[in-house]
Amino acid sequence: LNLMKSLQSKGYIRITFSWQHHYCYLTPEGIEYLRGYLALPAEIVPATHKKAPSRPEGRDREDEKFAGGEGKPAFRGGGDREYRSREGGFGRGGGM
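Presented here is an overview of the structure given in this document. (Residues numbered from 1 in each chain as written. Predicted model: local features only at pLDDT ≥ 70, side-chain atom pairs only at ≥ 80, totals over all residues. Heavy atoms only, no water.)

This part is about the packing of aromatic side chains. The relation between two aromatic rings is expressed through the spacing of the ring centres and the mutual angle of the planes. For the structure shown, the criterion picks out two aromatic pairs. Considering the side-chain rings of Tyr12 and Tyr33, the 4.4 Å spacing of their centres and the 10° angle between planes classify their relative orientation as stacked. Of the two residues, Tyr12 is situated in the loop between helix 1 (2-9) and strand 1 (13-18) and Tyr33 in helix 2 (residues 28-37); the sequence distance between them amounts to 21 residues. Aromatic pair Tyr33 and Tyr37: ring centres 6.0 Å apart, planes at 20°, arrangement stacked. (Phe/Tyr/Trp six-rings, centres within 6.5 Å; stacked < 30°, edge-to-face > 60°. Helix = DSSP H or I, 4+ residues; strand = E, 2+ residues; numbered from the N terminus.)

Here it is in structure tokens:
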């Protein structure tokens, strides 16, 4: 923590305290300082500064939903309450 406070006093990082935890964020000056101190080339940047690859364009599911005539039902089974047995059971509507 003392190292981080030293870097904060030089303006290389920003420290935030929340819920008994210290969060440290590199500033652009801090990135340049570490790049020089560690002898890193300019191509190496923190992963949070890299641009995320965009998602590939996928098929549009809405167009293909009913393309083959009638679409698939959302659940197995064709009707309401087919998951219950025909004999009934205990409780309301049970066949005792």
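What follows is about the pairing of strand 2 (residues 21-26). Looking at chain direction, strand 1 and strand 2 are connected through six bridges and run antiparallel. In the sheet register, Phe17 faces strand 2, and the bridge partner there is His22. Here strand 1 folds back onto strand 2, and the loop between the two strands holds two residues, one of which, Trp19, carries a positive phi near 50°. (Pairing = 2+ DSSP bridges.)

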